[in-house]
Amino acid sequence: MTTIILHIEASTETCSVALSQDGHVFFERVNRDERSHAKVLAPFVEEALQNADNQGAKINAVALSCGPGSYTSLRIASSTAKGVCYGRDIPLIAIPTTAIMCVPVLFRDDIPEDALLCPMIDARRTEVYATVYDRALGVVKDTHAEVVTAESFKELLDEHPIYFFGNGAEKCKTVIQSEHAQFIDGIIPQAKYMGALAEKAPQLDIKQMAYYEPFYLKEFVPAPS
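As the structure is a computational prediction, the values presented were derived from the model and not from experiment.

Topic: the packing of aromatic side chains
- Evaluated as defined, the whole model comprises 2 aromatic pairs.
- Judged by centre distance (5.3 Å) and plane angle (25°), the rings of Phe164 and Phe183 are stacked. With Phe164 in strand β9 (residues 162–165) and Phe183 in strand β10 (residues 181–184), this pair connects stretches of sequence that are 19 residues apart.
- Through a chain of ring-to-ring contacts, the aromatic side chains of Phe153, Phe164 and Phe183 assemble into a single cluster.

What follows is the structure, given as structure tokens:
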């Protein structure tokens, strides 16, 4: 059975929307101005829905990048995704933003089999939000707030090469000095990377959606004194 999924990613600076059929992307829109998320997301989604409707293609679910990420951006994206789900009576699929960030890294052919992947999202000062995955996207260390020091991830770095990437990794380059630490530039979460993940992820029905909330950075960042 053909599965068509609408993907929404707006957790960080980039806002993107995509449509995939059986994991293959056939529509994509991207905007890189973080201040424009509220303005561009709804038109992107409307264009995607019209594209599917014009082709007589039934959208089976909406996949949402569920954070960690910007509170405002995730609220906009979550409300939009739920609106489509309620309007079309289709389920919601929530995918961690850090898992989405791993997808373009896994496409590379220079990552060792024993390597770990550590997507990082910038928080404030020396803090990042990070998850550590193996190459099968099994979680080695859950998403957590990390105040970056020379000792960060030391136990794992003693055993494995770790590839750090995302907008939080930049602040770690001069701090984490292990020979096993590798840094990859230019990795951002985008809707086009969500297809294969969404195919395997659990779905939330209409009743479950009422209790769903994204993973907001604000919940983990202490309020300034």
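Concerning helix α2 (residues 71–88)
- Given a rise of 1.5 Å per residue, 18 residues ought to cover 26 Å, and the 26 Å separating the end C-alpha atoms of α2 matches this to within 8%.
- Of all the residues in α2, the buried ones are Ser73, Leu74, Ala77, Ser78, Thr80, Ala81, Lys82, Val84 and Cys85.
- Against β1 (4–9), α1 (37–54), β4 (61–65), β5 (92–95) and α6 (206–209) lie the buried residues of α2.
- The first or second residue beyond α2 is Asp89, which carries a positive phi of 55°.

Quick notes on the pairing of β9
- Residues of β9 alternate between two faces, with Ile162 and Phe164 on one and Tyr163 and Phe165 on the opposite face, all of them buried.
- Where strand β6 (residues 116–122) lies against β9, 4 bridges are found, and the strand directions are parallel. Counterpart to Pro119 in the pairing with β9 is Phe165.
- Note that β9 and β10 share 4 bridges and pair parallel. Paired with Phe164 across the two strands is Phe183, which belongs to β10.

Analysis parameters
Residues numbered from 1 in each chain as written. Predicted model: local features only at pLDDT ≥ 70, side-chain atom pairs only at ≥ 80, totals over all residues. Heavy atoms only, no water. Phe/Tyr/Trp six-rings, centres within 6.5 Å; stacked < 30°, edge-to-face > 60°. Helix = DSSP H or I, 4+ residues; strand = E, 2+ residues; numbered from the N terminus. Expected span 1.5 Å × (residues − 1). Buried < 20%, exposed > 50% of the residue type's maximum accessible area, 1.4 Å probe, protein only. Contact = heavy atoms within 4.5 Å. Pairing = 2+ DSSP bridges.

In short, geometric facts, not functional conclusions.
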